[in-house]
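This is what each chain is made of:
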Protein chains: 2
Amino acid sequence: MTKKPETAAAAAIPVPPRDGPPEEVQIATLLARIGGLHTSAVATVLAPLDLRPKQFGVMNMVALADGPSQGEIGAAMGIDPSGLIATIDELEQRGWLERRRDPSDRRRNIVALTPAGRTKLTEGREVARRRAQELTAPLSAKERRQLRDLLAKIA
Amino acid sequence: MTKKPETAAAAAIPVPPRDGPPEEVQIATLLARIGGLHTSAVATVLAPLDLRPKQFGVMNMVALADGPSQGEIGAAMGIDPSGLIATIDELEQRGWLERRRDPSDRRRNIVALTPAGRTKLTEGREVARRRAQELTAPLSAKERRQLRDLLAKIA
DNA sequence: TATTGTTATACTCTATAACTATA
DNA sequence: TATAGTTATAGAGTATAACAATA
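This structure is a prediction, so every number in the text was calculated from the model and none was measured.

Engineer: What is the right way to look at the protein's contact with DNA strand D in this model?
Structural biologist: DNA strand D sits among 16 residues. The nearest are Ser82 of chain A together with Gln70, Gly71, Ile85 and Arg107 of chain B. Between DNA strand D and glycine 71 of chain B, the relevant distance is 2.7 Å, taken from a phosphate oxygen to a main-chain nitrogen or oxygen of the residue.

The structure is reproduced here in structure tokens:
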């Protein structure tokens, strides 16, 4: 590439792409678009289970941390804890989650999955896994490993 | 890999990961998270320009197609055209976009950037490009090319 | 005083149905 | 009758400030 450096100064400047946006913009655009489409695809497959992405996200966080406070869930999900109240309320009403007052600090609510919640989470993970398989289907096993490593490097 | 196929049947089954979620779920999760974070990061750098992501998206689509109808913009962005009205209204009020009745089909609105809109779009692309550079900064040139190709294969 | 959870409010985006004007 | 744009409405997500209970 850069076949014809007309001057030394010109050669030092990254070659501007002739057709499209620069490579890093292409990557960012693809990441945003693929990520967004996958998020809504997951929403679609979760819908028959009566699960919205945010609810699924909370249940996953609770399962991963097992025993987090509401503030910790919010921090892990990158949203303000006040935005979790309604979601946790609804999950609790459905019997999938429960709040327990932390005995050592009675301001905190420890959140835990119920057995029914654990079952529902397993179902959600199953359909999400199938959707993830379809997403990565065009890639070979080697390419999948490459992609995962590259994404991990960015994240 | 799959070093110890205990039986023929076991060897035919993909090795379940011991620690975390399967690879395709890792990829999907990383894609959704990175994509979402980048989207909100772009929103943050666009905010000082008085541009929201959706407005920036519309202006980009108009620049790419140059002369699209509102329905075509919606199709390209994957949203219902009714969800574009308010956005185009606002961009038109600011003098960055204009609607022109299509003479050959007076139902259609041709949307076009004004000179001021083109300037604003250039500014937006500039800050978005800088943000994309930061996103891909951890990667080498070779890795960036790999990542772009892998993402293109998925998309 | 500071922190946890809660409530209330506002704003953006999305989805849907009904309306109009053109075809 | 079909299509392009528009309007109105409702729901979900997010952000912010103020408040009560607890530390």
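Once you've had a look at it, read on.
Engineer: Teacher, can you tell me more about the packing of helix H2 (residues 23-46) of chain A against helix H6 (residues 115-135) of chain A here?
Structural biologist: Describing two packed helices takes the angle between their axes plus the distance from one axis to the other. All names here are of chain A. At a closest axis distance of 10 Å, the pairing of H2 and H6 adopts a crossing angle of 140°. Put simply, H2 runs oblique to H6. Note that H2 runs across H6; the crossing there is right-handed. Counted together, Ile34, His38, Ala41, Val42, Val45 and Leu46 of H2 and Gly124, Val127, Arg131, Ala132 and Leu135 of H6 form the full contact between these two elements. Looking at the contact of H2 with H6 residue by residue, the classes come out as eight nonpolar, two polar and one charged.

Engineer: Help me out: how do you make sense of the pairing of strand E2 (residues 109-113) of chain B in this one?
Structural biologist: Regular strands show a simple pattern: their side chains alternate between the two faces of the sheet. All names here are of chain B. Among the five residues in E2, five count as buried, and that is most of the element. Residues of E2 alternate between two faces, with Asn109, Val111 and Leu113 on one and Ile110 and Ala112 on the opposite face, all of them buried. Relative to E2, strand E1 (residues 97-101) runs antiparallel, the two being bridged by five bridges. The residue bridging arginine 101 from the neighbouring strand is asparagine 109, located in E2.

Engineer: Sorry if this is basic, but what is going on with unusual backbone geometry here?
Structural biologist: Peptide bonds are, in most cases, trans, and in most cases residues other than glycine have a negative phi. In this structure, aspartate 66 of chain A takes a positive phi of about 40° despite not being glycine. Position of aspartate 66 of chain A relative to the elements: it lies in the loop between helix H3 (53-65) and helix H4 (70-77).

Engineer: Just to check I follow, could you spell out the interface of chain A and chain B for this structure?
Structural biologist: It is common to report an interface's size as the accessible area lost on association of the parts. Taken together, the contact between chain A and chain B spans 35 residues of the former and 35 residues of the latter. Summed over both sides, the interface of chain A with chain B buries roughly 3,500 Å², with 75% coming from carbon and sulfur. Its largest share of buried area at the contact with chain B, chain A owes to Glu24, Leu150 and Ile154 of chain A, together 16% of the area lost on that side. Residue arginine 148 of chain B is joined to glutamate 23 of chain A by a salt bridge in which the shortest nitrogen-to-oxygen separation is 3.7 Å.

About the cut-offs
- Residues numbered from 1 in each chain as written.
- Chains lettered and ligands numbered in written order.
- Predicted model: local features only at pLDDT ≥ 70, side-chain atom pairs only at ≥ 80, totals over all residues.
- Heavy atoms only, no water.
- Near = heavy atom within 4 Å.
- Polar contact = N/O pair within 3.5 Å; in protein donor to acceptor, adjacent residues only side chain to side chain.
- Axes fitted to C-alpha atoms, helices over the stretch in contact; angles between N-to-C directions.
- Helix = DSSP H or I, 4+ residues; strand = E, 2+ residues; numbered from the N terminus.
- Parallel < 35°, antiparallel > 145°, perpendicular 65-115°, else oblique.
- Left-handed = near helix turned anticlockwise from the far one by under 90°.
- Contact = heavy atoms within 4.5 Å.
- Nonpolar A, V, L, I, M, F, W, Y, C, P; charged D, E, K, R; others polar.
- Buried < 20%, exposed > 50% of the residue type's maximum accessible area, 1.4 Å probe, protein only.
- Pairing = 2+ DSSP bridges.
- Buried area = accessible area lost by both parts, 1.4 Å probe.
- Salt bridge = Lys/Arg side-chain N within 4 Å of Asp/Glu carboxyl O.

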